[in-house]
Amino acid sequence: MIIDVNPQTITGIAQTIANAYGEVEEAARILTSITEHNNWNCKERDAINDYTRSNAQEILKISEKSGNFANVMKVVAEKFTTDEKNISEMFTSVESIIASMLTIQPIGSGTTTSNIPEGVMPINKSIGAGDINLSSVIDLASMKL
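Thresholds applied
- Residues numbered from 1 in each chain as written.
- Predicted model: local features only at pLDDT ≥ 70, side-chain atom pairs only at ≥ 80, totals over all residues.
- Heavy atoms only, no water.
- Helix = DSSP H or I, 4+ residues; strand = E, 2+ residues; numbered from the N terminus.
- Buried < 20%, exposed > 50% of the residue type's maximum accessible area, 1.4 Å probe, protein only.
- Contact = heavy atoms within 4.5 Å.
- Salt bridge = Lys/Arg side-chain N within 4 Å of Asp/Glu carboxyl O.
- Core = buried A, V, L, I, M, F, W, Y, C linked by side-chain atoms within 4.5 Å.
- Patch = residues over 30% accessible without salt bridge, like charges linked within 9 Å, V, L, I, M, F, W, Y side chains within 5 Å.
- Areas by Shrake-Rupley, 256 points an atom, 1.4 Å probe, with all protein chains shown as cover.
- Expected span 1.5 Å × (residues − 1).
- Polar contact = N/O pair within 3.5 Å; in protein donor to acceptor, adjacent residues only side chain to side chain.

Enquirer: What is the right way to read the overall build of the protein chain from this model?
Expert: Scanning the protein chain for helices and strands turns up three helices and zero strands. In sequence order, the protein chain lays out its α and β elements as α-α-α. Within the protein chain, buried positions represent 16% of all 145 residues. Put simply, 71% of the contacts in the protein chain that link residues at least 6 apart link residues at least 24 apart.

Here you go:
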């Protein structure tokens, strides 16, 4: 299976996750700034304080995990972008090598084909590196000689 992912899509997702992490950080700041409910004299005071502490602890856990996830996604996006660039450069160099090989003319080639064995097609087309792409490389590799 070939992975078909646009690195810009991954970078966009990583940015969205980083933005969401910022919102989680803000929620954590708000929830951890809430003080205990001691000013009122009501029977729910202890339960409210327990919920407040519990929510603050949970948001801090969520914040830590979402921060880790945001960092991982940032690294993934950077690696996808770097790998895409490296692969693109690799195929460009391979294509230019194949293109230069396809411009080779057999010795003594011209308009006659009398010296070429039967069933062998002479290389007599001169093309430039821009005329070759990955699909033509694959076509060339799958040809039966």
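Enquirer: Just to check I follow, could you spell out the environment of Leu60 for this structure?
Expert: Relative to the helices and strands, Leu60 resides in helix 2 (residues 45–102). You can call Leu60 partly exposed: its relative accessible area is 46%. Each C-alpha atom of the pair Leu60 and Arg29 lies 8.9 Å from the other, and the pair is 31 residues apart in sequence. Look past the residues within four positions of Leu60 in its chain and what remains in contact with it is Ala28 and Thr32.

Enquirer: Sorry, what's going on with the pattern of salt bridges here?
Expert: Pairing between side chains becomes possible if they bear opposite charge and their charged atoms approach one another. Scanning the entire structure with this criterion turns up three salt bridges. Two residues, Arg29 and Glu26, come together in a salt bridge whose shortest N-O distance is 2.7 Å. Placement of the pair is Arg29 and Glu26 together in helix 1 (residues 7–33), with a separation of three residues, close to one helical turn. For Arg29, a relative accessible area of 47% gives the class partly exposed. By relative accessible area, which is 33% here, Glu26 ends up partly exposed. In this structure, Glu58 engages Lys61 in a salt bridge whose closest nitrogen and oxygen atoms are separated by 3.5 Å. Here the residue Glu58 and the residue Lys61 both occupy positions in helix 2, the gap between them amounting to three residues, near one helical turn. Take Glu58: its relative accessible area is 38%, and that puts it in the partly exposed class.

Enquirer: Just to check I follow, could you spell out the nonpolar core for this structure?
Expert: Within soluble globular proteins, side chains that are nonpolar tend to cluster in buried spots. With six residues, the main nonpolar core is built from Ile10, Ala14, Ile17, Ala70, Met73 and Ala77. Taken together, the elements giving at least two residues each to this core come down to helix 1 and helix 2. Ignoring sequence-local partners within four residues, the contact set of Ala70 consists of Ile17, Ala18 and Tyr21.

Enquirer: What should I look at first to understand a nonpolar patch on the surface in this one?
Expert: A contiguous nonpolar patch, built from Ile87, Met90 and Phe91 and spanning about 260 Å² of accessible area, is present on the exposed surface. Within the secondary structure layout, Met90 lies in helix 2. Given the relative accessible area of 45%, Met90 is considered partly exposed.

Enquirer: Any chance you could explain helix 1 here in plain terms?
Expert: Note that an α-helix has 3.6 residues per turn; residues three or four places apart therefore point the same way. Relative to the 39 Å expected for 27 residues at 1.5 Å per residue, helix 1 spans 39 Å between its end C-alpha atoms, a close match to the ideal helical length. With a side-chain oxygen positioned 2.9 Å from the backbone nitrogen of Gln8, the residue opening helix 1 is Asn6.

The quantities given are spatial measurements derived from coordinates; they are silent on function.
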